[in-house]
Amino acid sequence: MWNILGFLLVVLIIGILAAIVAGMYNSLVKLRNGVNNAWSQINVQLERRADLVSNLVETVKGYSTHEKSTLKSVIEARSKLSNAETIKENEKANNMLTDSLKSLFAVAESYPELEADESFEELLKQLSETEDKIAYFRQLYNDIVWTYNNKCQMFPSNLIANFFGFEEARYFEIDEAEIVVPKVSFESDESETIPDTEI
């Protein structure tokens, strides 16, 4: 009688432990998938940004043939962003592109007829909207990474994470100097940047 009860108790304990392990494992998988999904959303916006930049370069080319170095730096930065594979590479390329866009906008201000071009204005509007989306998805991604990394580090879920090979995710960060996005409309008497907008 006691042997049967002891056996059932052991089976019950094993079942409870298995359920706890399965729950932690499934939670880690869900969070890791969330990190991957959030990163894919950032990638969509970065690709859209790169496409818009290409169109901006072509539009500027139509008005200026004397700004080859500026256009070249924008094209190179766009290419690096498109070819970036890791989060670190994306961070670096994204910051380079932001830097080169500042120069492009400075060039555009020298050409009033370019500023008045409707297609150019529309591209700037779309670029501004894309920058906002990048900022939103970057925050979402980093929030999910924070939750996932906590799960990988905190006991007892860290035991499951280590056993099954869950690796901590990297935050998508930018340099402090790149937080301010270049202004994307050319109205007079306004500042060169949009405050409080992050990439």
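One can find the structure itself at the top, above this paragraph.
Now for a look at the structure at hand. In this text, all values refer to a predicted model and were calculated from it rather than measured experimentally.

### Quick word on the side chain of Asn142
(1) Moving on: Take Asn142: it is sitting in helix 5 (residues 118–153).
(2) Moving on: Excluding anything up to four places from it in sequence, Asn142 contacts Tyr171 and Phe172.

### Describing the packing of aromatic side chains
(1) Moving on: All chains considered together, the criterion is met by six aromatic pairs.
(2) Moving on: For the pair Tyr25 and Phe166, a centre-to-centre distance of 5.6 Å together with 75° between the ring planes defines the contact as edge-to-face. One end of the pair, Tyr25, is in helix 1 (residues 2–63); the other, Phe166, is in the loop between helix 6 (157–164) and strand 1 (181–182), and 141 residues separate them in sequence.
(3) Moving on: Relative accessible area serves as the criterion here: at 31%, Tyr25 is assigned to the partly exposed category.
(4) Moving on: Phe166 sits in the buried class, given a relative accessible area of 7%.
(5) Moving on: Among the aromatic residues, ring-to-ring pairing joins Tyr25, Phe163, Phe164 and Phe166 into one connected group.

### Re the packing of helix 3 (residues 87–108) against helix 5
(1) Moving on: For the pair helix 3 and helix 5, the least separation of the axes is 14 Å and the interaxial angle reads 155°. Of the possible angle classes, the one that applies to helix 3 and helix 5 is roughly antiparallel. The interaxial crossing formed by helix 3 with helix 5 has left-handed handedness. From helix 3, Ile87, Leu101, Phe105 and Ala108 reach across to helix 5, where they touch Phe120, Leu124, Leu127, Glu131 and Tyr141.
(2) Moving on: Looking at side-chain class alone, the contact of helix 3 with helix 5 contains eight nonpolar, no polar and one charged residues.

Each value, and the rule that gives it
Residues numbered from 1 in each chain as written. Predicted model: local features only at pLDDT ≥ 70, side-chain atom pairs only at ≥ 80, totals over all residues. Heavy atoms only, no water. Helix = DSSP H or I, 4+ residues; strand = E, 2+ residues; numbered from the N terminus. Contact = heavy atoms within 4.5 Å. Phe/Tyr/Trp six-rings, centres within 6.5 Å; stacked < 30°, edge-to-face > 60°. Buried < 20%, exposed > 50% of the residue type's maximum accessible area, 1.4 Å probe, protein only. Axes fitted to C-alpha atoms, helices over the stretch in contact; angles between N-to-C directions. Parallel < 35°, antiparallel > 145°, perpendicular 65-115°, else oblique. Left-handed = near helix turned anticlockwise from the far one by under 90°. Nonpolar A, V, L, I, M, F, W, Y, C, P; charged D, E, K, R; others polar.

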